[in-house]
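Results of the structural survey
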Amino acid sequence: GKSFTRTGLVKPCRLLSPLPVVQISERPLVHQESLPKLPVPPLQQTCSRYLASLEPLISAEEMTHTRELMDEFLRPGGIGERLQKSLERRARKTENWVRKKHALHYNCTLSLQSKHSLDYRFAAKLIAGVLDFKSMIDSHTLPVEYLGGKPLCMDQYYQVLSSCRIPGPKRDTVVNYAVGKTPPTHITVVHNFQFFVLDVYNSDGSPLTVDQLYVQLEKIWNSSLQSNKEPVGILTSNHRNTWGKAYNNLIKDKTNKESVRAIQKSIFTVCLDAPKPRVSDEMYFNKVAAQMLHGGGSRWNSGNRWFDKTLQFIVGEDGSCGLTYEHAPAEGPPIVFLVDHVVDYMKRSEMVRTPMIPLAMPQKLRFNITPEIKKDIEKAKQNMNIMVNDLDVRVLNFTHYGRKFPRSYKMSPDAFIQMALQLAYYRMYQTCCPTYESASLRMFKLGRTEAIRSTTTESLQFTKAMDDPSKHKAALLEEAIKVHRKHTHMAIHGQGIERHMLGLRMIAIEDLTSLPDIFMDTSFAVASHFNLYTSQVGSKTDCVMCLGPMVPDGYGICYNPMDDHINFAVTAFNSCEETNATRLSQFLEDSLLDMKTLLEQVSKTQ
């Protein structure tokens, strides 16, 4: 199992890919072997790019101080060279030198916006669609993805199903049950806080048809109508240490242990949610996105989850639908690909004859709730409600244009949107901030993500000039976009700075008695305090993805650029006075409109 540090629940997730990803049907595992290993970038390159990334963020005095520390770090035969050599040694010995070190605990969500009442047929078709995706995984016929002509690592696709995060005393592990001798054949369904085991394969190994799934879901629904059950699932929303202790309490009992195992081993979980409080139409999508992220609090659906499960599909009685995924095993793209596949599958009409064999009643999982467990549940409810009240989620459906507009000016839509985010933040705060954009490292074996630092000297020059009538803004925008494209290209080709700096720091922690000054420098902390934590999630399906901020005084921003509109989800914490998701969304909309006007004016005068 991989090990993870413990952090709280609603945390950001990292989603990516600024270039178009192409799928080609061929056996994925042949490619898996020929993928290059992630390189360790040259030390001088990373250090000079690190200094350049600090320029827009810190004062001239701080910069002078940091340069002195960097000169010391890079002294010939000095500490930097030693750490670099150790890192290069590790890279030679392992499949991926980043892999084990920096993974944190994340949950993120995706809401598919549908507005009709729950029908079991919808849920049944959704399950059938995921099982159809699973058949491609099981038979290794999933098409390989290519980016710029290079095959991408497909490993994450094989980690999404039948896996779960398991709390441990010091570290959590992620276990994938698909690789054992007897891979799981059931999913778990939870309704009114009650968990059921639903076998999704017939005795001959064929998946249940939509009709069969429909019948089974109806049985589950009808045998879980009482809503006064203890929400055991809410324990999984707790801070990792607290949950670790509660977990050990819970599984002391043999019945509880068997029930927990059945949930952990299931292929995925389906949450049939109770209705949410009524809200106005313009608040509806904000609430749905929040619902997918955390369930809306203990009174509503936060206990109707098992947050450690890698994949949970959520179907609400009001027709809202989405999923939440635990971020340890996979990034966004595999999840988005799965969603696109399921949505396509659900559009097809089914031609399968349903076998007439009567199916057994799905087994309800039992939990014995001791006074101690009851106390843990109450505490988890309180913590969850504090968090739910603290997280502000705003969905902005920007309808004025989509990715076709910047493309018509030969500009990258991703870089264009990133500059709009820079402008929105600058107008709101009269300053820029450290900004993180996820980039995929899947060109490399077992590659995960790298950070693109979107705030550059060029982006700051553009945002400052934008509201100054005397400046040539369009040229500055073009320059800022060009730099952003270059940084993106370097990041996806394994030449980013974030992972490299963290890698050097990790080696220093392991090998040295004290950390080098460059890592103790205040600038190092300032530069990695990402007030804007951003991620593009490109999907064919018109959906919105949502992630929490990375820092208490920051924002989480996810966007899905479609041809003629862009879906954004902006999150912030209410407990922070300085941040306001609604205001930032308004600034963002205005910035996108102003940038369009700017380009149109320039093309008129040319």
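Quick notes on the rules
Residues numbered from 1 in each chain as written. Predicted model: local features only at pLDDT ≥ 70, side-chain atom pairs only at ≥ 80, totals over all residues. Heavy atoms only, no water. Helix = DSSP H or I, 4+ residues; strand = E, 2+ residues; numbered from the N terminus. Expected span 1.5 Å × (residues − 1). Buried < 20%, exposed > 50% of the residue type's maximum accessible area, 1.4 Å probe, protein only. Arc of directions from axis to C-beta. Contact = heavy atoms within 4.5 Å. Disulfide = S-S within 2.5 Å. Phe/Tyr/Trp six-rings, centres within 6.5 Å; stacked < 30°, edge-to-face > 60°. Lys NZ or Arg CZ within 6 Å of the ring centre and 35° of its normal. Salt bridge = Lys/Arg side-chain N within 4 Å of Asp/Glu carboxyl O. Pairing = 2+ DSSP bridges. Axes fitted to C-alpha atoms, helices over the stretch in contact; angles between N-to-C directions. Core = buried A, V, L, I, M, F, W, Y, C linked by side-chain atoms within 4.5 Å. Lys, Arg positive; Asp, Glu negative; His and termini not counted. UniProt positions renumbered as here; feature names shortened; annotations may be inferred. Parallel < 35°, antiparallel > 145°, perpendicular 65-115°, else oblique. Left-handed = near helix turned anticlockwise from the far one by under 90°. Polar contact = N/O pair within 3.5 Å; in protein donor to acceptor, adjacent residues only side chain to side chain. pLDDT = per-residue confidence, 0-100.

1. Regarding helix α11 (residues 371-390)
- With 20 residues, α11 extends 29 Å between its outermost C-alpha atoms, agreeing within 8% with the 28 Å of an ideal straight helix rising 1.5 Å per residue.
- Listed as buried for α11 are Ile373, Asp376, Ile377, Ala380, Met384, Met387, Val388 and Asp390. The buried residues of α11 occupy an angular sector of 150 degrees when the element is viewed end-on, so they sit on one face. Exposed residues on α11 whose side chains face more than 90 degrees from its buried face are Pro371, Lys375, Gln382, Ile386 and Asn389.
- For α11, the secondary structure elements touched by its buried residues are α7 (240-251), α8 (254-265), α9 (281-294), β14 (391-398) and β20 (566-573).

2. A short note on the state of the cysteines
- Applying the stated rule across the entire model yields zero disulfides.
- Between Cys271, a cysteine without a disulfide, and Cys321, which holds the nearest cysteine sulfur, the sulfur-to-sulfur distance is 11 Å.

3. Side note on the packing of aromatic side chains
- Counting across every chain of the model gives 20 aromatic pairs.
- Seen from their ring centres, Tyr157 and Phe337 are 5.5 Å apart, and the 85 degrees between their planes marks the pair as edge-to-face. Note that Tyr157 is positioned in the loop between β5 (150-151) and β6 (163-166) and Phe337 in helix α10 (residues 332-347), a separation of 180 residues in sequence. Taken as a pair, Tyr157 and Phe337 share a single burial class, namely buried.
- Between Tyr401 and Phe416, the ring centres sit 6.3 Å apart and the planes meet at 70 degrees, which makes this aromatic pair edge-to-face. Placement of the pair is Tyr401 in the loop between β14 and α12 (404-408) and Phe416 in helix α13 (residues 413-429), with a sequence separation of 15 residues. You'll find Tyr401 and Phe416 in the same group, each marked buried.
- Here a set of aromatic residues connected by ring pairs shows up, and it is made of Phe398, Tyr401, Phe405, Tyr409 and Phe416.
- One residue, Arg121, lies across the ring of Tyr214, its end atom 5.8 Å from the ring centre.
- The ring of Phe405 carries the charged tip of Lys596 above its face, separated from the ring centre by 5.7 Å.

4. A short note on the pattern of salt bridges
- Inspection of every chain in the model, using the stated rule, returns 22 salt bridges.
- Residues Lys347 and Asp344 are paired through a salt bridge, measuring 3.9 Å at the closest nitrogen-oxygen approach. Pair noted here: Lys347 and Asp344 are both in helix α10, with a separation of three residues, about one helical turn.
- Note that Glu378 is salt-bridged to Lys381, the shortest N-O span being 3.4 Å. Pair noted here: Glu378 and Lys381 are both in helix α11, with a separation of three residues, about one helical turn.

5. Observations concerning the environment of Tyr158
- One can find Tyr158 in the loop between β5 and β6.
- Along the primary structure Tyr158 and Ile137 are separated by 21 residues, whereas in three dimensions their C-alpha atoms are 6.6 Å apart.

6. Examining the sheet that holds strand β16 (residues 449-453)
- In spatial order, the strands read β14-β20-β19-β17-β15-β16; together these six strands make up an open sheet with mixed pairing. Strands at the two margins of the open sheet, each flanked by one partner only, are β14 and β16. Averaged over all neighbouring strand pairs, the angle between strand axes comes to 25 degrees, with direction disregarded.
- Both strand β15 (residues 435-440) and strand β17 (residues 532-536) contribute to a ladder of three bridges, which runs parallel. Within β17, the residue paired with Tyr436 across the bridge is Tyr533.

7. Here's the deal with the nonpolar core
- Ranked by internal contacts, the top residues of the largest apolar core, which has 56 residues, are Ile127, Phe133, Leu142, Ile187, Phe268 and Leu311.
- Breaking this core down by element, the ones donating at least two residues are α5 (120-138), β8 (186-191), β9 (194-199), α6 (210-222), β10 (269-273), β11 (311-316), β12 (321-326) and α10.
- If sequence neighbours within four positions are ignored, Ile127 has contacts with Ile187, Val200, Leu213, Leu217, Phe268 and Val270.
- Counting 37 residues, the second largest nonpolar core, distinct from the first, contains Ala424, Met466, Ile481 and Phe568.

8. Quick word on helix α15 (residues 473-492)
- In this model α15 runs 29 Å from its N-terminal to its C-terminal C-alpha over 20 residues, within 8% of the 28 Å that 1.5 Å per residue would give.
- Every buried residue of α15 is accounted for by Lys473, Ala474, Leu477, Ala480, Ile481, Val483, His484, Thr488, Met490, Ala491 and Ile492.
- Of the residues trailing α15, Gly494 is marked for its positive phi of about 75 degrees.

9. Topic: the side chain of Asp376
- Mapped onto the secondary structure, Asp376 falls in helix α11.
- In this structure Asp376 is buried but unpaired, with Lys379 as the nearest side chain of opposite charge at 6.2 Å.
- Apart from the residues lying within four places of it in its own chain, the contact partners of Asp376 are Leu235, Asn238, Ala246 and Asn249.

10. A few points about the UniProt feature "active site" (unreviewed entry) in the chain
- Listed under "active site" (unreviewed entry) in the UniProt record, and renumbered for this structure, are His327.
- Along the chain, His327 turns up in the loop between β12 and α10.
- Looking at His327, the relative accessible area reads 3%, which means it is buried.

11. Regarding the packing of α5 against α10
- At a minimum axis distance of 8 Å, the contact between α5 and α10 shows a crossing angle of 125 degrees. Classed by the angle they form, the pair α5 and α10 counts as oblique. Regarding α5 and α10, the two cross each other, and that crossing is right-handed. Residues Phe122, Lys125, Leu126, Ala128, Gly129, Val130, Asp132, Phe133 and Met136 of α5 touch α10, and the partners they reach there are Phe337, Leu338, His341, Val342, Tyr345 and Met346.

12. Regarding the side chain of Arg305
- Within the secondary structure layout, Arg305 lies in the loop between α9 and β11.
- Among the polar contacts made by the side chain of Arg305, one reaches the side chain of Asp273 at a distance of 2.7 Å.
- Setting aside residues up to four positions removed in sequence, Arg305 forms contacts with Phe195, Gly233, Thr236, Cys271, Asp273, Gln291, Gly295, Gln312 and Ile314.

13. Here's the deal with the confidence of the model for the chain
- Chain-level pLDDT for the chain is 87 on average; 91% of the residues reach the 70-or-more range.
- When mean pLDDT is taken per element in the chain, α13 scores highest with 98 and strand β1 (residues 3-4) scores lowest with 34.
- Here residues 1-20 is modelled with pLDDT under 50, and outside its nearest four sequence neighbours on either side it reaches 103 contacts, counting other chains as well.
- In the predicted structure, residues 24-28 sits below a pLDDT of 50 and forms 18 contacts with residues beyond four places in sequence or in another chain.

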